[in-house]
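# Topology and contacts: notes
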Amino acid sequence: MTDKGKILVVDDTPASLRLLTDILKAEGYEVRSAISGELALRAATSNPPELVLLDIRMPEMDGYEVCRRLKAQPATSNVPVIFVSAVSESDEKVQGFEIGAVDFVTKPYQRNELMARVHTHLELNRLRNHLEDLVGERTAELKESEKKLRTSLLDSITALAATVEMRDPYTAGHQRRVAQLAVAIAKDLQLPEEQIEGIHLASVVHDVGKIRVPAEILNKPGRLTALEFSLIKEHAQNGHEILKTINFPWPIAQIVLQHHERLDGSGYPQALKSDQILLEAKIIAVADVVESMISHRPYRPGFGLEAALDEIELNKGKFFDSAVVEVCIKLFREQGFNFSI
Ligand SMILES: [Fe+2]
């Protein structure tokens with residue numbers, strides 16, 4: 001039976017080694033013995049035991065050194081070490097505990113006491129290892145399922161975005177390019193990775209509400225009437241309606257609702273002011289304006305990069321968040337940012 005526990009016994013005195021080994025074997029433990037520190041390390045490393053009973057006074061490499069080395073290597077660092085020694089000075093015991101021993105048995109020992117300690121430390125270590133395995137498994141499972149969830153979220157949201165873009169070829173790719181720029185801005189602002197992921201998803205669907213705007217208005221070349229324009233403006237609210245029931249780990253619906261808000265309250269649909277607007281929405285607002293101005297539309301050519309950057313610079317602190325504008329301009333002018341899609 002190996003189930004009771006694998007123990008390595010280390011002692012440089014053959015008689016002591018023999019005695020200890022015999023006692024443990026009689027109790028049903030699987031015992032290996034080592035006559036020196038060197039041999040003990042080799043045995044422990046090649047096949048880690050569940051417990052080490054270690055003599056202190058040994059020539060060449062003493063028990064303290066063996067313990068130190070066991071604790072220093074990953075394969076044996078968690079193996080409990082009990083010193084079995086004639087040493088009775090308490091400062092020597094303290095030294096033993098300091099380098100990682102779990103217990104101390106003084107020679108000559110009572111057989112029952114020794115067995116009780118061996119049993120306790122083996123059990124404790126088994127429980128600890130079991131718990132560690134459990135936590136490890138649970139963490140791995142959680143990570144895996146979270147990864148799957150995120151992937152399927154992104155898939156669904158991309159499909160949703162593609163549906164809108166199919167109806168609205170003029171802005172096809174607009175959302176993806178806005179996402180690209182918004183994420184680059186968020187990264188430069190050193191936002192947490194979690195938040196950047198939310199910005200990415202929100203950007204990819206920020207115009208999803210256009211699905212409820214009549215196609216002939218979306219696809220109309222030339223100027224829009226006031227009524228037509230008011231219908232287009234509803235897309236922010238519509239996007240919020242579509243997304244609000246989905247339980248995202250980010251405020252996606254709110255971000256989408258706010259992406260046309262402006263710091264001075266001149267935006268829509270709620271005419272929110274600076275501190276009422278989510279940072280995510282402020283970032284998407286800038287990326288949205290820049291991308292729209294650069295892009296060509298069938299009814300007008302693109303305004304060009306310089307005009308787009310001038311526009312946000314001019315309205316920095318008025319419509320658009322200053323820090324976001326500065327980062328956006330820096331990305332284009334100094335870091336050669338380019339839409340790759
Ligand atoms: Fe929009």
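Residues numbered from 1 in each chain as written. Predicted model: local features only at pLDDT ≥ 70, side-chain atom pairs only at ≥ 80, totals over all residues. Heavy atoms only, no water.

Another point: the overall build of the protein chain. Secondary structure assignment for the protein chain yields 14 helices and five strands. The C-alpha radius of gyration of the protein chain comes to 35 Å, more than 25% above the 20 Å expected for a compact globule of 341 residues. A principal-axis box enclosing the C-alpha atoms of the protein chain has dimensions of 105 × 40 × 35 Å. A burial count over the protein chain gives 45% of its 341 residues as buried. Taking all contacts inside the protein chain whose residues are at least 6 apart in sequence as the whole, residues at least 24 apart take part in 62%. In the form shown here, the protein chain has an accessible surface area of approximately 17500 Å², with 55% of it arising from carbon and sulfur atoms. Taking the average place of the 40 positive charges on the side chains of the protein chain and the average place of its 50 negative ones, the gap between the two points comes to 3 Å. (Helix = DSSP H or I, 4+ residues; strand = E, 2+ residues; numbered from the N terminus. Rg over C-alpha atoms; globule rule 2.2 N^0.38 Å. Buried < 20%, exposed > 50% of the residue type's maximum accessible area, 1.4 Å probe, protein only. Contact = heavy atoms within 4.5 Å. Areas by Shrake-Rupley, 256 points an atom, 1.4 Å probe, with all protein chains shown as cover. Lys, Arg positive; Asp, Glu negative; His and termini not counted. Charge placed at Lys NZ, Arg CZ, Asp CG, Glu CD.)

Taken in spatial order, the five strands of this open sheet run β2-β1-β3-β4-β5, and their pairing is parallel. For this open sheet the edge positions go to β2 (30-34) and β5 (103-106), each flanked by a neighbour on one side alone. Averaged over neighbouring strand pairs, the angle between their axes works out to 20° when direction is ignored. The sheet contact formed by strand β4 (residues 81-85) and β5 spans four bridges and is parallel. The partner of Ile82 across the bridge, within β5, is Asp103. In the packing of helix α2 (residues 37-46) onto the sheet, contacts are made with β1 (6-10) and β2, and the angle to β1 comes to roughly 165°. (Pairing = 2+ DSSP bridges. Axes fitted to C-alpha atoms, helices over the stretch in contact; angles between N-to-C directions.)

Bringing a nonpolar patch on the surface into the picture now. On the surface, Leu131, Leu134 and Val135 cluster together into a nonpolar patch covering about 270 Å² of accessible area. Within the secondary structure, Leu131 is located in helix α5 (residues 111-167). (Patch = residues over 30% accessible without salt bridge, like charges linked within 9 Å, V, L, I, M, F, W, Y side chains within 5 Å. Salt bridge = Lys/Arg side-chain N within 4 Å of Asp/Glu carboxyl O.)

So, on to the coordination of the iron ion. Here the iron ion is held by the protein donor atoms Asp207 (OD), His235 (NE2), His259 (NE2) and His260 (NE2), which lie 2.1 to 2.4 Å from it. Coordination at the iron ion comes from four donor atoms whose angles at the metal span 81 to 166°, giving a geometry best classed as irregular. By relative accessible area, His235 is classed as buried at 2%. (Donors = N, O, S within 2.8 Å, 3.2 Å for Na, K, Ca; no water. Tetrahedral: all angles 85-135°; square planar, octahedral: opposite > 155°, others 65-115°.)

Moving on, we come to the side chain of Gln258. In this structure, Gln258 sits in the loop between α11 (252-257) and α12 (279-294). We classify Gln258 as buried; its relative accessible area is 5%. Filtering out sequence-adjacent residues up to four positions away, Gln258 remains in contact with Leu272, Gln276, Ile277, Leu278 and Ala281.

Under the definition given, this model contains seven aromatic pairs. Where Phe332 meets Phe337, the ring centres are 5.1 Å apart and the plane angle is 80°; that geometry is what we call edge-to-face. The residues Phe332 and Phe337 share a single accessibility class, namely buried. Put simply, the rings of Tyr64, Phe83, Phe97 and Phe104 touch in pairs and so form one group of aromatic residues. Just above the ring of Tyr29 sits the side chain of Lys4; from NZ or CZ to the centre is 4.7 Å. (Phe/Tyr/Trp six-rings, centres within 6.5 Å; stacked < 30°, edge-to-face > 60°. Lys NZ or Arg CZ within 6 Å of the ring centre and 35° of its normal.)

In this section: the confidence of the model for the protein chain. Close inspection of predicted coordinates is inappropriate for parts of the model with low pLDDT. Chain-level statistics for the protein chain give a pLDDT mean of 89 and a share of 98% at 70 or above. Between the elements of the protein chain, mean pLDDT differs from a low of 75, seen in helix α8 (residues 215-218), to a high of 98, seen in helix α14 (residues 322-333). (pLDDT = per-residue confidence, 0-100.)

Let us now look at helix α3 (residues 63-72). An α-helical turn contains 3.6 residues, so a residue and the one three or four places further along point in the same direction. Those residues of α3 not exposed but buried are Gly63, Tyr64, Val66, Cys67 and Leu70. Axial view of α3: buried residues confined to an arc of 160°, hence all on one face. Looking at the buried side of α3, the elements it contacts are α2, β3 (51-54), β4 and α4 (90-98). The N-cap residue of α3 is Asp62: its side-chain oxygen and the backbone nitrogen of Tyr64 are 3.3 Å apart. (Arc of directions from axis to C-beta. Polar contact = N/O pair within 3.5 Å; in protein donor to acceptor, adjacent residues only side chain to side chain.)

Looking now at the pattern of salt bridges. Tallied over the full model, the rule gives 18 salt bridges. As a salt-bridge pair, Lys107 and Asp11 come within 2.9 Å of each other at their nearest N and O atoms. Taken together, the positions of Lys107 in the loop between β5 and α5 and Asp11 in the loop between β1 and α1 (14-26) put the pair 96 residues apart, joining distant regions of the chain. Residue Asp11 is classed as buried on the basis of its relative accessible area of 2%. For Glu313, the salt bridge is made with Arg333, and the minimal N-O distance between the two is 3.9 Å. Of the two residues, Glu313 is situated in helix α13 (residues 305-314) and Arg333 in helix α14; the sequence distance between them amounts to 20 residues.

In this section: the pairing of β3. Both faces of β3 are covered, namely the face carrying Leu51 and Leu53 and the face carrying Val52 and Leu54. In terms of strand pairing, β1 meets β3 through four bridges, oriented parallel. Its bridge partner lying in β3, Ile7 is registered against Leu51. Note that β3 and β4 share three bridges and pair parallel. Counterpart to Val52 in the pairing with β4 is Val81. Once you follow β3 into α3 and on to β4, the crossover reads as right-handed. (Right-handed = clockwise from strand over helix to strand, strands pointing away.)

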